[in-house]
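Given next are the chains, with one letter for each unit.
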Amino acid sequence: MRKIKLLFSCLVLTTMLHAQETFPVNGVADKRDGCYAFTNATIVKDAQNTIQNGIMVIRDGKIIAVGANVAVPKDAVVIDCKDKFIYPSFIDIYSDYGMPQVQRPTGAGGFGGPAQLTNNQKGAYGWNQALKSEVNAYKIFSVDDSKAKPMREAGFGTVLTHQKDGIVRGTGAVVTLSGEKDNFVIVKEKAAALYSFSKGSSTQSYPSSLMGSIALLRQTYNDAAWYKNNPEAATKEGFNITLQYFNSNQSLPQIFDVQDRGVDLWNMVRADRIGDEFGVQYILKSTGKEYQRIKEVAATKAPMIVSLNFPQAQDVEDPNDARMVSLADMKNWELGPTNPAAIEKAGIPFCLTTSDLRDPKTFLANLRKAMEYGLSEKGAMEALTKNPATWLGVYDKVGSLDEGKIANFVITTAPVFAEKSVILQNWVNGNKYAVKEDAWKSINGNYTLTVNTENGPQSFTLEVKSNSSATLVGKDTLSNRFSYDGKTVKISFSPMQRRMGMAGRPGMGVGANAATPLPANAVKLSG
């Protein structure tokens, strides 16, 4: 009888250990936990720790082992990463990835119409439409792989996303850039509360100025404190969704975008003074000009989110156009890339973001430019991994390559910040996303190309610069088309330049000295 009870208990325990599926499976269920072992790699676990010739094992989207002497499971797919580097995927702390497009609601206040004085939103909301504390990003988030792809190609695997609308914007969610269902990419549903000086899509007439935005935000802090601390508030004023959520969001990290009303450096100080008045330390999004007043910015003691959207070069070729370019704009163009380094040297904690960039693909190029102007490699690494993960309370899940964390990492051909480094793959949630896999096996170098022709073999020098570029030299440099997809080399060229004769001159008839057609003989490539 005891044996039967023991057997029954074991069966119950075994059943409980299996994860319960809450979504129906359309078809035959065949869930297999992918196990991969990345061997012989230089593994950069974080800004402080690097493992040479290391091994990392992932299973079911999580890192289960990493080190120099790690046993490779028998069922693992082994990927040889000799001469490759593995880094944690980057984290962007300021984005609106996966958010629906903000639609401006219809309302009063249009040209020639009456002013809209109160909130026209249906429900027990506060009086001003620019206060959207009830918005939770995780409730309106949806995976958008077309937007995730360029972010992954820039090295990112995780973002904090929120709806960029209103003075009080509600909460942001930490999500990965995996192409899986929405349920599997949300890392933390409420990770930060966000603010700005812009009223966004609100059709209400107030506020209509920066002074009005500041006044409204200060009044909201006072109203929320009264609503929270006064037991009779709900009786006197009724239930207020806006103030209720505003109070509940105060325990989260507070992020303030100061440049929504234009690039004004003093908005940094204005936002910080609001925070000081109500005992809140904001994380401030930079304007890009902090280097101009770095002492005043450092005095705020505010952590910063730094954009790499550097000023574009001014067109001064035409003297008439040059007259319209101010010296201040020229200086900002010259010194703009020094901004991240100035913030780091001032001892200000900071993160980096792709926000404000027209194309995320320019992020790494701009980052390398910032490093040329003084930003340290360690500072850049921590600003893209540990710092954002720590601020958002998810460092136990992302931000480094430690056991138990989500398998978000990039594989590169060289140190990730090096000029010629190429991101080969970006693994997010344990899923591989190819970036430039054709560069996995580099064939760069000098080769001798021998072509058998009717007049005998002809030799050329082939200098391969990349998997899509090569220089071909015979008696002269020849134009060519070259490509290598990881398996096959393709090259096309004409061994002789065609000469067209000039009619009316002896010996120079049309078609004279035309190039001899290339025979379809074997081609020998050596080197």
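What you see is a predicted model; the values in this text were computed from it and never measured.

In this structure, the second largest pocket encloses a volume near 680 Å³. Together, 23 residues line the second largest pocket, and Lys-420, Ser-421, Val-422, Ile-423 and Lys-436 are the ones closest to its centre. Of all the elements in the fold, those that place two or more residues in the lining of the second largest pocket are helix 13 (363-372) and strand 18 (456-466). For the lining of the second largest pocket, the per-class residue count stands at eight nonpolar, seven polar and eight charged.

By the secondary structure assignment, Thr-353 is in strand 13 (residues 350-353). On the basis of relative accessible area, Thr-353 is assigned to the buried category, the value being 0%. Engagement of the side chain of Thr-353 in a polar contact is seen with the side chain of Asp-92, the distance being 2.7 Å. Those residues within four positions of Thr-353 in sequence are excluded, and the remaining contacts are Asp-92, Tyr-94, Ile-305, Val-306, Ser-307, Leu-308 and Phe-363.

Before going further, it helps to spend a moment on the pairing of strand 10 (residues 254-257). What you see with strand 10 is no split at all: Gln-254 and Phe-256 on one side and Ile-255 and Asp-257 on the other are buried throughout. Two elements, strand 10 and strand 11 (residues 283-285), share three bridges in a ladder whose sense is parallel. Each bridged residue has a counterpart across the sheet, and for Phe-256 the counterpart in strand 11 is Leu-284.

Overall, mixed pairing links the eight strands, which are arranged 6-7-8-9-10-11-12-13 in an open sheet. Whereas interior strands pair on both sides, the edge strands pair on one side only; in this sheet they are strand 6 (90-95) and strand 13. Across the sheet, the axes of successive neighbouring strands diverge by a mean angle of 30 degrees, strand direction being ignored. Across four bridges, strand 7 (residues 156-161) lies against strand 8 (residues 168-176) in antiparallel orientation. Residue pairing in the sheet places Thr-158 in a bridge with Thr-176 of strand 8. Here helix 14 (residues 377-384) sits on the sheet and contacts strand 6, strand 7 and strand 13; the angle it forms with strand 13, its principal contact strand, is near 75 degrees.

Moving on to the confidence of the model for the protein. Summary statistics for the protein give a mean pLDDT of 86 and a share of 85% for residues scoring 70 or more. Confidence, read as mean pLDDT per element, is least for helix 1 (residues 2-17) in the protein (47) and greatest for strand 7 (98). In this model, residues 6-17 is a region of pLDDT below 50 whose contacts with residues beyond four sequence positions or in other chains number zero contacts.

Summarising the element assignment, Lys-285 is placed in strand 11. The class of Lys-285 is buried, set by a relative accessible area of 1%. Spatially, the C-alpha atom of Lys-285 lies 8.7 Å from that of Pro-303, the residues being 18 residues apart in sequence. The residues touching Lys-285, leaving out its near neighbours within four places in the chain, are Tyr-94, Phe-256, Asp-257, Val-258, Gln-259, Met-268, Ile-305, Ser-355 and Asp-356.

Evaluated as defined, the whole model comprises one cavity of 30 Å³ or more. Put simply, the largest cavity is a space of about 40 Å³. If you go around the largest cavity, the residues you meet are Pro-88, Ser-89, Phe-90, Ile-91, Thr-158, Val-398, Gly-399, Ser-400, Leu-401, Ile-406 and Asn-408. Here the residues of the lining of the largest cavity sort into six nonpolar, five polar and no charged.

With that settled, the discussion passes to the side chain of Thr-158. Looking at the element boundaries, Thr-158 is found in strand 7. Only 3.1 Å separates the side chain of Thr-158 from the side chain of Asn-408, close enough to count as a polar contact. With residues near it in sequence (within four places) discarded, Thr-158 still touches Phe-90, Ile-91, Asp-92, Val-174, Val-175, Thr-176, Leu-177, Val-398 and Asn-408.

Ring pairs (aromatic) are described by centroid distance and by the angle formed between their planes. Considering all chains together, one arrives at 16 aromatic pairs under this definition. Relative to Phe-363, the ring of Phe-156 lies with its centre 5.0 Å away and its plane at 65 degrees, an arrangement referred to as edge-to-face. Of the two residues, Phe-156 sits in strand 7 while Phe-363 sits in helix 13, which places them 207 residues apart along the sequence. Across the pair, exposure class does not vary: Phe-156 and Phe-363 are buried alike. Cation over ring: Arg-152 sits above Tyr-433, and NZ or CZ is 3.9 Å from the ring centre. One Lys or Arg, Lys-405, reaches over the ring of Tyr-395 and ends 3.6 Å from the middle of that ring.

So, about the pairing of strand 13. Neither face of strand 13 is left uncovered, since the one carrying Phe-350 and Leu-352 and the one carrying Cys-351 and Thr-353 both have all their residues buried. Relative to strand 13, strand 12 (residues 304-307) runs parallel, the two being bridged by four bridges. Note on strand 13: the bridge partner recorded for Ile-305 is Cys-351.

The rules behind each value
Residues numbered from 1 in each chain as written. Predicted model: local features only at pLDDT ≥ 70, side-chain atom pairs only at ≥ 80, totals over all residues. Heavy atoms only, no water. 1 Å grid on protein atoms, 1.4 Å probe; cavity = no way out; pocket = protein on both sides within 12 Å on 5 of 7 lines; lining within 4 Å. Points joined across faces, edges and corners; volume = space filled by probe spheres on them. Helix = DSSP H or I, 4+ residues; strand = E, 2+ residues; numbered from the N terminus. Nonpolar A, V, L, I, M, F, W, Y, C, P; charged D, E, K, R; others polar. Buried < 20%, exposed > 50% of the residue type's maximum accessible area, 1.4 Å probe, protein only. Polar contact = N/O pair within 3.5 Å; in protein donor to acceptor, adjacent residues only side chain to side chain. Contact = heavy atoms within 4.5 Å. Pairing = 2+ DSSP bridges. Axes fitted to C-alpha atoms, helices over the stretch in contact; angles between N-to-C directions. pLDDT = per-residue confidence, 0-100. Phe/Tyr/Trp six-rings, centres within 6.5 Å; stacked < 30°, edge-to-face > 60°. Lys NZ or Arg CZ within 6 Å of the ring centre and 35° of its normal.

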